[in-house]
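The chain contents come next:
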Amino acid sequence: MPAEESTPAIVIRARDYSESDRIVTLLTRDFGKLSGIAKGAKASRRRFERKLEPFSHVTLYFRRRPHGQLVFITRAERGENPPPELEDDLGKIALGSYMIELADALTTEEAEAAEAYLVLANALETLGRGAAATALRQAYELRMLSAAGFGLEFARCRVCSRVPEAEDGAVYFVVSRGGIVCVRCRANAPEGAVRLAAANAIALSGLCTARFDEATVLPHGGRDGTVALERFFASILDRKLRSVEFLDSLLEL
Ligand SMILES: [Zn+2]
């Protein structure tokens with residue numbers, strides 16, 4: 001029998017399977033994204049102290065199977081962090097749901113994802129303690145993109161490296177360049193570039209590096225910043241995330 005392995009993990013999807021089992025997908029610190037079957041999960045309080053539901057932060061114990069994608073989840077213990085307290089706050093539920101759906105969309109099974117795990121864990125912890133905010137959403141998007149290998153550039157022009165200033169008025173986000181071009185290099189911006197207030201580009205560049213608990217009090221990148229990021233997601237994801245519309249209806253700008 002394969003050895004039992006363990007790792008901290010966050011449940012990002014779960015569904016019942018047969019009378020007593022659950023199929024669970026988790027973003028783990030040590031093994032990337034894993035899907036597994038938890039036999040008897042609906043009945044066993046001993047082996048699955050925490051219910052295996054989205055947002056549960058657990059120490060996962062599992063065994064690999066010689067064939068097949070699903071691992072056998074043998075136990076799940078309470079992790080270091082309590083699950084974020086999202087109850088009774090629709091904005092927090094919407095942003096939290098979006099966070100785990102985006103983490104799911106930007107990771108693949110068995111690929112290393114330690115940074116993505118840390119980004120998600122820190123963002124959910126911050127969300128649990130505070131309020132749903134556009135700055136936290138955008139900071140999370142930028143950091144999760146970076147963890148997935150898509151570091152976006154809002155601090156300098158992709159063409160001439162000039163640092164935009166608020167007096168510039170506007171810059172242009174170009175999806176294919178993964179960043180902005182300044183007003184002087186606008187001729188290099190193709191049709192369809194997203195016009196961003198320069199102040200909003202500066203805010204986004206600040207959110208790229210801020211800690212999440214700091215990000216919640218920083219200026220956000222505005223509605224045009226959200227549009228620029230959504231345009232980028234549309235270019236790399238093969239589907240629109242289910243949670244986006246609900247989130248957009250609740251996070252006011
Ligand atoms: Zn430029």
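Model, not experiment: these values are computed from the prediction. (Residues numbered from 1 in each chain as written. Predicted model: local features only at pLDDT ≥ 70, side-chain atom pairs only at ≥ 80, totals over all residues. Heavy atoms only, no water.)

Asker: Looking at this structure, how should I read the coordination of the zinc ion?
Answerer: In a perfect tetrahedron of four donors around a metal, the angles come out at 109.5 degrees. In a perfect octahedron of six, they are 90 or 180 degrees. Cys-157 (SG), Cys-160 (SG), Cys-182 (SG) and Cys-185 (SG) make up the full set of protein donors to the zinc ion, lying at 2.3 to 2.4 Å. Coordination at the zinc ion comes from 4 donor atoms whose angles at the metal span 107 to 114°, giving a geometry best classed as tetrahedral. Mapping the donors of the zinc ion onto the primary sequence gives the spacing C-x2-C-x21-C-x2-C. (Donors = N, O, S within 2.8 Å, 3.2 Å for Na, K, Ca; no water. Tetrahedral: all angles 85-135°; square planar, octahedral: opposite > 155°, others 65-115°.)

Asker: Explanation requested: the pattern of salt bridges in the structure shown.
Answerer: Should their charged atoms come close, side chains of opposite charge can pair. This structure, assessed with the given rule, holds 17 salt bridges. Arg-22 serves as the salt-bridge partner of Asp-16, at 2.4 Å between the closest nitrogen and oxygen. Residue class for Arg-22 comes out buried when judged on its relative accessible area of 13%. In this structure, the salt-bridge partner of Asp-213 is Arg-211, at a minimum N-O distance of 2.8 Å. Among the residues examined, Asp-213 registers a relative accessible area of 35% and is labelled partly exposed. The structure contains a network of salt bridges with shared partners spanning Arg-137, Glu-141, Glu-230 and Asp-248. (Salt bridge = Lys/Arg side-chain N within 4 Å of Asp/Glu carboxyl O. Buried < 20%, exposed > 50% of the residue type's maximum accessible area, 1.4 Å probe, protein only.)

Asker: I'm lost on the nonpolar core in this one. Help?
Answerer: Within the largest apolar cluster, 52 residues are counted, with the highest numbers of intra-cluster contacts made by Met-99, Leu-120, Tyr-140 and Phe-173. For this core, the element with the most residues is helix α2 (residues 114–129), which contributes 8 residues. Among the nonpolar cores identified, the runner-up in size contains 15 residues, and Val-11, Val-24, Phe-62 and Ile-73 belong to it. (Core = buried A, V, L, I, M, F, W, Y, C linked by side-chain atoms within 4.5 Å. Helix = DSSP H or I, 4+ residues; strand = E, 2+ residues; numbered from the N terminus.)

Asker: Quick question: what am I supposed to make of the pairing of strand β5 (residues 71–78) here?
Answerer: Regular strands show a simple pattern: their side chains alternate between the two faces of the sheet. For strand β3 (residues 33–38) and β5, the ladder comprises 3 bridges, and the chain directions are parallel. Opposite Ala-38, over in β5, you have Ile-73 as the bridge partner. In this structure, strand β4 (residues 57–63) lies alongside β5, joined through 6 bridges in antiparallel fashion. Looking at the pairing, Arg-63 lines up with Phe-72 of β5. (Pairing = 2+ DSSP bridges.)

Asker: What am I meant to see in the sheet that holds β4 here?
Answerer: Strands belonging to one sheet form pairs held by backbone hydrogen bonds; the direction of such a pair is parallel or antiparallel. A barrel is described by the order of its strands in space; here 5 strands give the closed sequence β1-β2-β3-β5-β4, paired in mixed fashion. Put simply, the sheet's adjacent strands are angled 55° from each other on average, direction ignored. Of the strands in this sheet, β1 (4–17), β2 (21–28) and β4 touch α2, which is tilted by about 65° from β1. (Axes fitted to C-alpha atoms, helices over the stretch in contact; angles between N-to-C directions. Contact = heavy atoms within 4.5 Å.)

Asker: What am I meant to see in the side chain of Asp-224 here?
Answerer: Among the structural elements, Asp-224 can be located in helix α6 (residues 222–236). We note that Asp-224 is buried and unpaired, the nearest opposite charge coming from Arg-195 at a distance of 6.0 Å. One polar contact links the side chain of Asp-224 to the main-chain amide nitrogen of Ala-197, over a distance of 2.9 Å. For Asp-224, the contacting residues outside a window of four places in its chain are Val-194, Arg-195, Leu-196, Ala-197 and Asn-200. (Lys, Arg positive; Asp, Glu negative; His and termini not counted. Polar contact = N/O pair within 3.5 Å; in protein donor to acceptor, adjacent residues only side chain to side chain.)

Asker: Would you explain unusual backbone geometry in this entry?
Answerer: Peptide bonds are mostly trans, and most non-glycine residues show a negative phi. Even without a glycine there, the phi angle at Ser-18 is positive, about 60°. Relative to the helices and strands, Ser-18 is located in the loop between β1 and β2. Using a relative accessible area of 48% as the deciding quantity, one classes Ser-18 as partly exposed. Of note, Ser-161 is a non-glycine position whose phi angle comes to about 70°, a positive value. Within the secondary structure layout, Ser-161 lies in the loop between α3 (134–147) and β6 (170–174).

Asker: Explain the sheet that holds β6 here, please?
Answerer: Spatially, the 3 strands line up as an open sheet ordered β7-β6-β8, and their pairing is antiparallel. Taken across any chain shown, the strands that pair with only one partner, and hence form the sheet edges, are β7 (179–181) and β8 (194–197). The sheet shows a mean angle of 45° between the axes of neighbouring strands, direction not considered. For β6 and β8, the ladder comprises 4 bridges, and the chain directions are antiparallel. Across the sheet, Val-171 pairs through a bridge with Leu-196, a residue of β8. The sheet contacts of helix α4 (residues 198–209) involve β6, β7 and β8, and relative to β8 the element is tilted by about 85°.

Asker: Where do I start with the environment of Ala-193 in this structure?
Answerer: As for its position among the elements, Ala-193 is in the loop between β7 and β8. Through-space distance from the C-alpha of Ala-193 to that of Val-175 is 7.2 Å; in sequence the pair is 18 residues apart. Leave out the neighbours within four places in its chain, and Ala-193 touches Tyr-172, Phe-173 and Val-174.

Asker: What am I meant to see in α4 here?
Answerer: Of all the positions in α4, only Ala-198, Asn-200, Ala-201, Ala-203, Leu-204 and Leu-207 are classed as buried. Looking at the buried positions of α4, the neighbouring elements they touch are α3, β6, β7, β8, α5 (212–215) and α6.

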